[in-house]
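Chains, contacts and geometry: an overview
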Amino acid sequence: MAERAALEELVRLQGERVRGLKQQKASAEQIEEEVAKLLKLKAQLGPDEGKQKFVLKTPKETLTGKYGEDSKLIYDLKDQGGELLSLRYDLTVPFARYLAMNKLTNIKRYHIAKVYRRDNPAMTRGRYREFYQCDFDIAGQFDPMIPDAECLKIMCEILSSLQIGDFLVKVNDRRILDGMFAICGVPDSKFRTICSSVDKLDKVSWEEVKNEMVGEKGLTPEVADHIGDYVQQHGGVSLVEQLLQDPKLSQNKQALEGLEDLKLLFEYLTLFGIADKISFDLSLARGLDYYTGVIYEAVLLQTPVRPGEEPLGVGSVAAGGRYDGLVGMFDPKGRKVPCVGLSIGVERIFSIVEQRLEALEEKVRTTETQVLVASAQKRLLEERLKLVSELWDAGIKAELLYKKNPKLLNQLQYCEEAGIPLVAIIGEQELKDGVIKLRSVASREEVDVRREDLVEEIKRRTSPALCIC
């Protein structure tokens, strides 16, 4: 044992020497030489018997055991050596692994990237097997509910700015769910699988969920009915206060902690001015296993057909929650980093926007170009090139057709198809008069604008506040 301890000390000292050389930016040869010595010492040390090491590698993500029943949607692969790999299911688990690998304990970040689900695609609902997500996360040890409230504020800001319709953000807490299952008589081993059943309540009726709990997952009808008494409730902070007085739920430590945090969360959401967009919904379960606290999901609301009816949810477009234990799963020493975040379903939102534009018979604009530089006669390519360059230099998003002598009709048709709002037309008479003919594609109205005033006129017409194209 003493010999092994001495070797471990030598490994530690040599490791410090290597790190010191890297910090001093020593030569590559010197660093390689010292790394070789370190590896030799480690080889002498041999394996640490009885201690299982958790090795993190960039291409392999350990996904199993973090998504609950959704694990069946993970794409499993094997490399040439037979090593099991997986395509990432979301951006949260890779983020947690990154924190653990780089020993980061405090960071705020956003990330847009592709994820993969072995699911049944539904194009009209924006459900694909390969799609983009946009995530925002806050990692670090902070006072309760402050970063959680900021995440909900960001979610509401994004959905409001996209102008995709009325929405509602449902919130709940995993601790409340676990406490509720406990007092209802659900065995500990069935918490997560019952959680997955409850999570289906936004898609199917309570009777169908109850049948699944009893028929497939082995709960007694009495236990299922007790769960139903809770999960069919939703409201605001008044419901939180009501449940804090519940004689059974308030006696459960986990549930009490969750309810107290939700009450604090609603205070912050009121200060942020978004409490009216939030609903405390006991049916929200979020089937992913890594959530540990507050969870939330944004749904778009369908306008009621008849007065007095409640708005109907037409689909989830964003979701998230707190996952304080996930980083610790990847850290060799199990060190935890509290995290909270949200994910925006980019393709889902695109699908909704496209459907609404089609319903309104509006074209989807595929370019940010503000103006097309066009010519009314032949042999004016040089003048078009000069003008488009002037507009680019002034920060105007302009383009021109890549033809020497394009027909004016073709140029105007291109603007209509691409959704370009303005056309700056150069003609021989306009060059003599020192003006540019500015045409609105939508109204087809044309005005002569002095060349030196063209930039300001385009900016005025295309500013978001005015938009008089």
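Since we're looking at a predicted model, the values are computed, not measured.

1. Side note on the overall build of the protein
Helix and strand counts for the protein stand at 16 helices and 15 strands. Across the 469 residues of the protein, 44% fall into the buried class. Taking the contacts inside the protein whose residues are at least 6 apart along the sequence as the reference set, 63% of them involve residues at least 24 apart. If you sum the accessible surface of the protein, you get close to 26200 Å²; carbon and sulfur atoms cover 51% of it.

2. Concerning the packing of helix α9 (residues 237-244) against helix α10 (residues 253-271)
Look at α9 against α10: their axes get within 10 Å of each other, and the N-to-C directions meet at 150 degrees. Regarding the angle of α9 to α10, the classification is roughly antiparallel. The interaxial crossing formed by α9 with α10 has left-handed handedness. Contact residues: Val237, Val240, Glu241, Leu243 and Leu244 in α9; Leu256, Leu259, Glu260, Leu262, Lys263 and Phe266 in α10. Tallied by class, residues from the contact of α9 with α10 come to eight nonpolar, no polar and three charged.

3. Considerations on the nonpolar core
Val169, Phe181, Ile227, Phe280 and Tyr296 are the most contacted members of the largest nonpolar core, which totals 79 residues. When residues in this core are grouped by element, the largest group, seven residues, is from helix α4 (residues 146-162). Not counting the four nearest positions on each side in its chain, Val169 is found in contact with Leu152, Met155, Cys156, Lys277, Ile278, Ser279, Tyr296, Glu297 and Ala298. Counting residues in each nonpolar core, the second largest holds 17 residues, with Val373, Leu391, Ile396 and Ile458 among its members.

4. Here we look at the packing of aromatic side chains
The final tally for this structure, using the stated rule, is three aromatic pairs. Look at Phe181 and Phe191: their rings are 5.8 Å apart centre to centre, the planes differ by 55 degrees, and that puts the pair in the tilted class. Placement of the pair is Phe181 in helix α5 (residues 174-184) and Phe191 in helix α6 (residues 191-198), with a sequence separation of 10 residues. No difference in accessibility class separates Phe181 from Phe191, as the two residues are buried. Over the ring of Tyr89 we find Arg117; its NZ or CZ atom is 3.7 Å from the centre of that ring. Directly above the ring of Phe167 sits Lys277, whose terminal nitrogen or CZ lies 4.5 Å from the centroid.

5. Examining the UniProt feature "binding site: L-histidine" (unreviewed entry) in the protein
Sites flagged by UniProt as "binding site: L-histidine" (unreviewed entry) map to Asp90, Leu91, Thr92, Arg117, Gln133, Asp137, Arg286, Tyr290 and Tyr291. Residue position: Leu91 is located in the loop between β2 (84-86) and α3 (92-101). On the basis of relative accessible area, Leu91 is assigned to the buried category, the value being 1%. Setting aside residues no more than four positions away along its own chain, Leu91 makes contact with Arg109, His111, Ala113, Lys114, Val115, Gln133 and Asp135. Secondary-structure assignment places Asp137 in strand β4 (residues 130-139). Ignoring anything within four residues of it in the chain, the contact list for Asp137 reads Phe95, Ile107, Lys108, Arg109, Tyr323, Val340, Gly341 and Leu342. Within the structure, Asp137 has its side chain in polar contact with the side chain of Arg109 (distance 2.4 Å).

6. Looking at the sheet that holds strand β12 (residues 398-399)
If you walk across this open sheet you meet the five strands as β12-β11-β13-β14-β15, and the pairing is mixed. The sheet terminates laterally at β12 and β15 (446-450), the two strands that pair on one side only. Here four bridges tie strand β13 (residues 422-426) to strand β14 (residues 435-440), and the two strands are oriented antiparallel to one another. The partner of Leu422 across the bridge, within β14, is Ser440. Contacting β11 (371-375), β12, β13 and β14, helix α14 (residues 408-418) runs over the sheet at an angle of about 170 degrees to β11.

7. Regarding α6
Taken across its eight residues, α6 has six buried, putting it largely inside the fold. All of the buried residues along α6 are Phe191, Ile194, Cys195, Ser196, Ser197 and Val198. Along its buried surface, α6 packs onto α5, α7 (206-216) and α8 (221-231).

8. Some details on a nonpolar patch on the surface
Side chains of Tyr110, Ile112 and Tyr132 sit close together on the surface and give an oily, nonpolar patch of about 350 Å² of accessible area. Locating Tyr110 in the fold gives a position in strand β3 (residues 107-116).

9. Here's the deal with the pattern of salt bridges
A complete count under the given rule lists 26 salt bridges for this structure. Note that Glu34 and Arg17 form a salt bridge whose closest N and O atoms lie 3.1 Å from each other. Separated by 17 residues along the polypeptide, Glu34 in helix α2 (residues 28-45) and Arg17 in helix α1 (residues 2-23) bring together distant segments of the chain. With relative accessibility at 6%, the residue Glu34 sits in the buried group. Note that Glu383 and Lys386 form a salt bridge whose closest N and O atoms lie 3.7 Å from each other. Taken as a pair, Glu383 and Lys386 lie in helix α13 (residues 381-393) at a separation of three residues, close to a single helical turn. Residues participating in the shared-partner salt-bridge network are Arg17, Glu34 and Lys37.

10. Digging into a positive patch on the surface
Positive charge collects at one region of the surface, where Arg19, Lys22, Lys42, Lys103 and Lys333 lie side by side. With respect to the secondary-structure elements, Lys22 resides in helix α1.

11. Things to note about unusual backbone geometry
Located in the positive-phi region is Lys103, a residue other than glycine, with phi close to 55 degrees. Along the chain, Lys103 falls in the loop between α3 and β3. Backbone geometry at Gln163 places phi at a positive 55 degrees, although glycine is not the residue there. For Gln163, the location among the structural elements is in the loop between α4 and β5 (167-173).

Rules used in this analysis
Residues numbered from 1 in each chain as written. Predicted model: local features only at pLDDT ≥ 70, side-chain atom pairs only at ≥ 80, totals over all residues. Heavy atoms only, no water. Helix = DSSP H or I, 4+ residues; strand = E, 2+ residues; numbered from the N terminus. Buried < 20%, exposed > 50% of the residue type's maximum accessible area, 1.4 Å probe, protein only. Contact = heavy atoms within 4.5 Å. Areas by Shrake-Rupley, 256 points an atom, 1.4 Å probe, with all protein chains shown as cover. Axes fitted to C-alpha atoms, helices over the stretch in contact; angles between N-to-C directions. Parallel < 35°, antiparallel > 145°, perpendicular 65-115°, else oblique. Left-handed = near helix turned anticlockwise from the far one by under 90°. Nonpolar A, V, L, I, M, F, W, Y, C, P; charged D, E, K, R; others polar. Core = buried A, V, L, I, M, F, W, Y, C linked by side-chain atoms within 4.5 Å. Phe/Tyr/Trp six-rings, centres within 6.5 Å; stacked < 30°, edge-to-face > 60°. Lys NZ or Arg CZ within 6 Å of the ring centre and 35° of its normal. UniProt positions renumbered as here; feature names shortened; annotations may be inferred. Polar contact = N/O pair within 3.5 Å; in protein donor to acceptor, adjacent residues only side chain to side chain. Pairing = 2+ DSSP bridges. Patch = residues over 30% accessible without salt bridge, like charges linked within 9 Å, V, L, I, M, F, W, Y side chains within 5 Å. Salt bridge = Lys/Arg side-chain N within 4 Å of Asp/Glu carboxyl O. Lys, Arg positive; Asp, Glu negative; His and termini not counted. Charge placed at Lys NZ, Arg CZ, Asp CG, Glu CD.

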